[in-house]
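Structure at a glance
Single-letter residue listing:
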Amino acid sequence: MNEMALKYGCNPNQKPARVYMEKGELPFKVLNGKPGYINLLDALNSWQLVRELKKATGLPAAASFKHVSPAGAAVAVPLSDVLKQVYFVEGVELSPVATAYIRARGADRMSSYGDFVALSDECDAQTASFLQREVSDGIIAPSYSEAALEILKTKRKGTYLVIQMDSDYEPEPLEHKQVFGVSFEQQRNDVEITEDCLTERPTKNKDIPDAAKRDLLIALITLKYTQSNSVCYTKDGQAIGIGAGQQSRVHCTRLAGSKADNWFLRQSPQVLNLPFKSEVRRPDRDNAIDVYIGEEYEDLLRDGEWQRVFTEKPPVFTREEKKEWLKKAEGICLGSDAFFPFGDNIERAHKSGVSYIAQTGGSIRDDNVIETCDKYNIAMAFTGIRLFHH
C-alpha cells in the first residue's frame with residue numbers, strides 16, 4: 001500500500017488528509033486502530049530517535065512522544081531500587097525493552113500522559129502489560145510478540161493504535177515539505193551522533209567518563225528529534241528533563257532544568273513516603289506529586305483537598321528542604337541543539353547538578369561559557385554539530 005486516507009489533518013477542519021509515498025510502499029503497517037495525522041508525525045519521528053539510540057549505545061531504546069517532541073527517551077540501563085519505586089515497578093524483574101520504556105515514560109509522567117510510544121526492539125508481553133495501564137495513544141515498533149499484540153489490541157476498547165515499522169526502510173536523501181503553498185527541499189539530517197563529536201573539550205576539566213559519554217549521546221540524539229530551540233538533561237541512560245520549542249535558549253535550559261529537578265525531587269524521602277490512598281489512580285498520583293513539589297503545594301494540602309488523595313495530611317516540603325535535597329544531584333549531563341550564547345545557561349545548569357555538557361560551540365561568547373564551566377569544574381565538549389529540528 002502506498003497511500004492511506006486519514007480522518008483529518010492537524011485539526012478537524014483540515015480535510016481531506018492522507019499520507020502517501022511517491023515511490024514504493026508505505027514503510028509501516030497498521031496492526032490495530034486508525035492513525036491520525038499527528039499520530040504518524042509522532043510515530044515516524046520517535047522511530048528515528050529510538051533507532052539511532054540503539055545504534056549509538058547498542059542497548060534497546062524507547063521514547064515517549066507528545067506533539068512531535070519527546071517527553072522522554074531512554075535506553076535499557078537497569079533501574080535502582082529507588083527508581084523502581086518512583087516508576088511504580090517495585091519487585092518486578094524487567095526485560096531490557098521494558099526497562100527502556102519504563103525509563104522513558106517515567107522521566108516526565110505529566111508530559112507523557114496520552115503519549116505515543118516508540119521501541120527500537122520487539123515489543124514483548126511485559127512491555128505491553130505496562131502500556132496497558134497507562135494513558136497512551138499508540139505505539140510503533142519493528143515487531144510484536146503474539147502475546148504483546150493480543151494485550152495491546154484490548155487497550156482503549158480495542159482502538160489502541162499499533163504500528164509495525166519496517167526496520168530496513170531508508171528514506172530518500174532529499175526530503176520535501178510545503179508551507180503556504182511553497183515547497184521546501186533539503187537533505188535529510190542524516191548526521192551520525194557518535195563519541196567522535198565529543199573529542200573537542202575546551203574546558204580545563206576534560207574528563208568525561210564512559211557513562212557520561214553515553215548520556216551525552218542520548219541527549220544529543222534526543223535533541224535531533226526535538227522541536228528547536230531545545231536542551232536536554234540526561235542521567236543513567238535516560239532523559240530527565242527536555243526543554244523544547246522555546247525562543248530563548250536560557251528558557252530552554254530553565255524549563256528542562258526544572259523538569260530535571262522534579263525528577264530528582266521525586267526520589268526524595270518526602271515524596272517516596274507520601275501516604276497515598278490505595279484507590280488513587282496513577283495519573284492522580286502524578287498530578288498530586290507535581291503539585292506537592294511545586295510552588296502551589298497549598299492547593300493540594302488545604303483542608304478538603306488532601307483527604308481526597310492521602311490517608312493523612314503530609315508535611316510541607318519546604319523550599320529549604322528542596323534546596324538541600326537538590327544539592328545532592330550530581331553527574332548529570334546536558335546537551336544543547338545549538339551553541340550557548342551566554343554563561344547564564346551554565347549557571348542554571350549547575351543548579352541542577354550538571355557535570356558534563358555537549359553543545360555546538362561557535363558563539364562569539366564561547367570564552368564566557370568556557371569560563372563559567374571552569375568556575376564549576378564542568379567538562380564541556382564542542383560538537384561542531386547543530387541539531388535544529390522543525
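Whatever comes next refers back to the structure up there.
None of these values were measured; they are calculated from a predicted model.

In this section: the overall build of the protein chain. When you go through the protein chain residue by residue, the secondary structure sums to 15 helices and 15 strands. In terms of C-alpha radius of gyration, the protein chain reaches 21 Å, essentially the compact-globule figure of 21 Å for 390 residues. The principal-axis extents of the C-alpha atoms in the protein chain amount to approximately 60 × 55 × 40 Å. Sorting the 390 residues of the protein chain into buried and exposed places 52% on the buried side. Counting only contacts in the protein chain whose residues sit at least 6 apart along the sequence, the fraction spanning at least 24 positions is 57%. Only carbon and sulfur atoms are counted for the fraction: they give 49% of the accessible area of the protein chain, which is about 18,600 Å². Side chains of the protein chain carry 49 positive and 55 negative charges; the gap between the two charge centres is 3 Å.

This brings us to the pairing of strand β4 (residues 61-66). In terms of residue burial, β4 counts as a mostly covered element, since five of its six residues are buried. Note: β4 against strand β5 (residues 69-75), six bridges, orientation antiparallel. Looking across to β5, one finds that Ser 64 is bridged to Gly 72. Counting the residues that bridge the hairpin from β4 to β5 gives two residues, and of these His 67 lies at a positive phi of roughly 50°.

Let's shift gears to the nonpolar core. Judged by nonpolar contacts, the single largest core of 69 residues is most densely connected at Leu 119, Ile 139, Leu 152, Tyr 233 and Ile 357. In contact with Ile 357, not counting residues within four places along its chain, are Leu 216, Leu 334, Phe 340, Ile 346, Cys 373, Ile 378, Ala 379, Met 380 and Ala 381. Counting residues in hydrophobic clusters, the runner-up holds 47 residues, among them Ala 43, Val 75, Leu 216 and Ala 381.

Pairing is possible between side chains that carry opposite charge, provided their charged atoms lie close to one another. In the structure shown here, the tally under the stated rule is 22 salt bridges. With a shortest N-O distance of 3.1 Å, Asp 261 and Arg 348 are connected by a salt bridge. You can see Asp 261 sitting in helix α8 (residues 249-265) and its partner Arg 348 sitting in helix α14 (residues 344-351), a full 87 residues away along the chain. Linked by salt bridges that have partners in common, Arg 105, Arg 109, Asp 115, Glu 134 and Asp 286 make up one network.

This part takes up α14. Given 3.6 residues to a turn, an α-helix orients residues that are three or four positions apart in the same direction. What α14 keeps buried is the set Asn 345, Ile 346, Arg 348 and Ala 349. The arc enclosing the buried residues of α14, seen along the axis, measures out at 160°, which places them on a common side. Summarising the contacts, the buried residues of α14 are in contact with β11 (230-235), α8, β13 (332-336), β14 (354-359) and α15 (366-375). Once α14 finishes, Gly 353 follows within two positions and takes phi at roughly 80°, a positive value.

Right, let's get into the packing of α8 against α14. Where α8 meets α14, the closest approach of the two axes is 9 Å, and the angle between their N-to-C directions is 0°. Overall, the two elements α8 and α14 adopt an arrangement that is roughly parallel. Residues Arg 249, Val 250, Thr 253, Arg 254, Gly 257, Ser 258 and Asp 261 of α8 form the contact with α14, whose own contacting residues are Asp 344, Asn 345, Arg 348 and Ala 349. Across the contact of α8 with α14, the residue classes tally to two nonpolar, four polar and five charged.

Residues Val 179, Phe 180, Val 182 and Phe 184 make up a contiguous nonpolar surface patch of about 460 Å² in total accessible area. By relative accessible area, Phe 184 is classed as partly exposed at 44%.

A few words now on the packing of helix α1 (residues 37-57) against helix α7 (residues 210-224). Orientation of α1 relative to α7, taken along the N-to-C sense of each, is 155°, at an axis distance of 10 Å. Comparing the axis directions of α1 and α7 gives the class roughly antiparallel. Remark: the crossing between α1 and α7 carries right-handed chirality. On α7, the residues touching Leu 49, Glu 52, Leu 53, Ala 56 and Thr 57 of α1 are Arg 214, Ile 218, Ile 221, Thr 222 and Lys 224. The class makeup of the residues in the contact of α1 with α7 is five nonpolar, two polar and three charged.

Within the secondary structure, Gln 178 is located in strand β9 (residues 174-179). Classification of Gln 178 by relative accessible area gives exposed; the value is 57%. In this structure, the C-alpha to C-alpha distance between Gln 178 and Arg 348, residues 170 residues apart in sequence, is 38 Å.

Turning our attention to helix α10 (residues 282-292). Taken as a whole, α10 has its buried residues at Asp 286, Ala 288, Ile 289 and Tyr 292. Along the long axis of α10, the arc covered by the buried residues comes to 165°, so they all point the same way.

Thresholds, definitions, all that
- Residues numbered from 1 in each chain as written.
- Predicted model: local features only at pLDDT ≥ 70, side-chain atom pairs only at ≥ 80, totals over all residues.
- Heavy atoms only, no water.
- Helix = DSSP H or I, 4+ residues; strand = E, 2+ residues; numbered from the N terminus.
- Rg over C-alpha atoms; globule rule 2.2 N^0.38 Å.
- Buried < 20%, exposed > 50% of the residue type's maximum accessible area, 1.4 Å probe, protein only.
- Contact = heavy atoms within 4.5 Å.
- Areas by Shrake-Rupley, 256 points an atom, 1.4 Å probe, with all protein chains shown as cover.
- Lys, Arg positive; Asp, Glu negative; His and termini not counted.
- Charge placed at Lys NZ, Arg CZ, Asp CG, Glu CD.
- Pairing = 2+ DSSP bridges.
- Core = buried A, V, L, I, M, F, W, Y, C linked by side-chain atoms within 4.5 Å.
- Salt bridge = Lys/Arg side-chain N within 4 Å of Asp/Glu carboxyl O.
- Arc of directions from axis to C-beta.
- Axes fitted to C-alpha atoms, helices over the stretch in contact; angles between N-to-C directions.
- Parallel < 35°, antiparallel > 145°, perpendicular 65-115°, else oblique.
- Nonpolar A, V, L, I, M, F, W, Y, C, P; charged D, E, K, R; others polar.
- Patch = residues over 30% accessible without salt bridge, like charges linked within 9 Å, V, L, I, M, F, W, Y side chains within 5 Å.
- Left-handed = near helix turned anticlockwise from the far one by under 90°.

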